[in-house]
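# Coordinate analysis (summary)
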Amino acid sequence: MGIKVAKFGGSSLADAAQFARVRDILLMDADRRIVVPSAPGKRCSTDEKVTDLFYACNRMAAAGESIDAPFGAIASRYHAIASELGLSLDLDAQLADVRMRIELGGGADYAASRGEYLNGLLLADYLGWDFIDPQQGIFFDEEGRLDEERTQSKLGALLAGREHAVVPGFYGCDTHGNVKTFSRGGSDITGAIVARAVGASLYENWTDVSGCLMADPRIVRNPEPIRYVTYRELRELSYMGASVLHEDAIFPVRIAGIPTNIRNTNHPEEPGTIIGYEAEEEESPYAITGIAGHKDFAIIAVEKAMMNAELGFGRRVLQALEEEGISFEHMPSGIDTMSVVVHEDVIAGKKERLIARIKELCHPDTVEIHSGLALIATVGRGMVRSKGVSARLFDALMRAGINVRLIDQGSSELNIIVGVDNLDFENAVRAIYRAFVVRENRENRW
Ligand code: ADP
Ligand code: ASP
Ligand code: MG
């Protein structure tokens, strides 16, 4: 016994039929007492997410244009759900109020948050559960970061003693009392915060895939699900692009020692992925846990003979980045070379200034920025123990004819990161997957 917090993603609550599935799942287990809904997502690949429609409303309202079209689409999504489920709440009054506030300049965060707010109202009505507005319980500080202490105590107090509650995802309250959202996909973070606030025994994250998969299913066909992953591994995977769980959803539950279970709303019979602690480690059949990656990085390559002997050289390179407000991802270095890997978009419009400043501070032989790099992380807690993992990885890339432009083995020994051309990204992920999963399966079978 214990409280389970169940977060449902956008596609899990995209229409009335999905609402019915969600209710069945909730009623299946009496411990599922708090639910965190997202806004209605896509019903098919060509559909629009309600959150995107709300952002469009805000942009059009700010430009002085009519928001009839996107708002009409939003209203019909909610009306269809409410009428098919026979709900009694006054949806028209809610929609009219939201529309008025967007047109009066409520702003992007207010508009976007209404997707979750309205879906939460519908779900609370459907289930007959209490509705808790996170604007009263989740707080951000002056810098826009989560105010953990205030949130923990306020949200804990709001939820204390309630048998059942619906807490919409994705938003909270800034220091001026206005709505503020997390970054995209942030309902996962709300779920984790709520789980921590009530001391849940489990955080369930219900989505449209059967857990965290060994590779992005949009790149590899039918990847194997990961049965068990540690928080540290998942942090590496989600930071590097395994977008099934928002990277910031890991900390609140990890600190509180609460395991997370990623499950499939459309296949509740499947166990999904358990994310837990190293101590609960289970054997995995593969040498690696998963593969994730991202396109559009750049390498700032600085070269200078005898760089290794020059005191403070690295610090001065990083100082140039700091002055421009640029944070970096990785820094693989040699004796006479230093490479700093950054996201393409954080150096956009700053490249020339950055090169000039590095020249001024460090007097290098050369400094160049190479664009169009994709990074791929192969992650696994078992990698340290199993021999030949990197040999297998590089052999797979070589056989696929892929040129490796950068190698970085994180000091955590949890991952090997390779950099390849953007154009080779998908093929490289498939080659690594084949080497570690497909080949292993074949060998075990024969
Ligand atoms: P939700 O709306 O439920 O929050 P998301 O779209 O945010 O769902 O996340 C689920 C999606 O993440 C999947 O449909 C899949 O396309 C994508 N994805 C990317 N990498 C992975 C991975 N390694 N494992 C599972 N899903 C992944
Ligand atoms: N609805 C928000 C988004 O589309 C938050 C979420 O789905 O988690 O980004
Ligand atoms: Mg999501």
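Residues numbered from 1 in each chain as written. Chains lettered and ligands numbered in written order. Predicted model: local features only at pLDDT ≥ 70, side-chain atom pairs only at ≥ 80, totals over all residues. Heavy atoms only, no water.

### Comments concerning the nonpolar core
One finds Val-5, Leu-159, Ile-376 and Phe-436 to be the most contacted residues of the largest nonpolar core, which totals 73 residues. In terms of residue count, helix H14 (residues 425-445) provides more of this core than any other element does, eight residues in total. Residue contacts for Phe-436: discarding those within four places in its chain leaves Tyr-286, Ala-287, Ile-288, Val-389, Arg-392 and Leu-393. Within the second largest apolar cluster, 42 residues are counted, among which are Val-50, Cys-57, Leu-87 and Leu-127. (Core = buried A, V, L, I, M, F, W, Y, C linked by side-chain atoms within 4.5 Å. Buried < 20%, exposed > 50% of the residue type's maximum accessible area, 1.4 Å probe, protein only. Helix = DSSP H or I, 4+ residues; strand = E, 2+ residues; numbered from the N terminus. Contact = heavy atoms within 4.5 Å.)

### With respect to the packing of helix H2 (residues 50-62) against helix H5 (residues 108-127)
Taken N-terminus to C-terminus, the directions of H2 and H5 make an angle of 150 degrees; their axes are 8 Å apart at the nearest point. Our classification of the angle between H2 and H5 gives roughly antiparallel. As H2 runs across H5, the sense of the crossing is right-handed. Seen from H2, the contacting residues are Val-50, Thr-51, Phe-54, Tyr-55 and Asn-58; seen from H5, they are Ala-108, Ala-111, Ala-112, Arg-114, Gly-115, Glu-116 and Leu-118. Grouping the constituent residues of the contact of H2 with H5 by class yields seven nonpolar, three polar and two charged. (Axes fitted to C-alpha atoms, helices over the stretch in contact; angles between N-to-C directions. Parallel < 35°, antiparallel > 145°, perpendicular 65-115°, else oblique. Left-handed = near helix turned anticlockwise from the far one by under 90°. Nonpolar A, V, L, I, M, F, W, Y, C, P; charged D, E, K, R; others polar.)

### Thoughts on the site of ligand 2
Surrounding ligand 2, one finds Ser-38, Lys-49, Thr-51, Glu-116, Phe-170, Arg-184, Gly-185, Gly-186 and Ser-187. Within the side chain of Glu-116, one N or O atom sits 2.7 Å away from a nitrogen atom of ligand 2. Note that an oxygen atom of ligand 2 is positioned 3.0 Å from one of the backbone N or O atoms of Ser-187. Its free accessible area being 260 Å², ligand 2 has 92% of it covered by the protein chains. (Near = heavy atom within 4 Å. Polar contact = N/O pair within 3.5 Å; in protein donor to acceptor, adjacent residues only side chain to side chain. Areas by Shrake-Rupley, 256 points an atom, 1.4 Å probe, with all protein chains shown as cover.)

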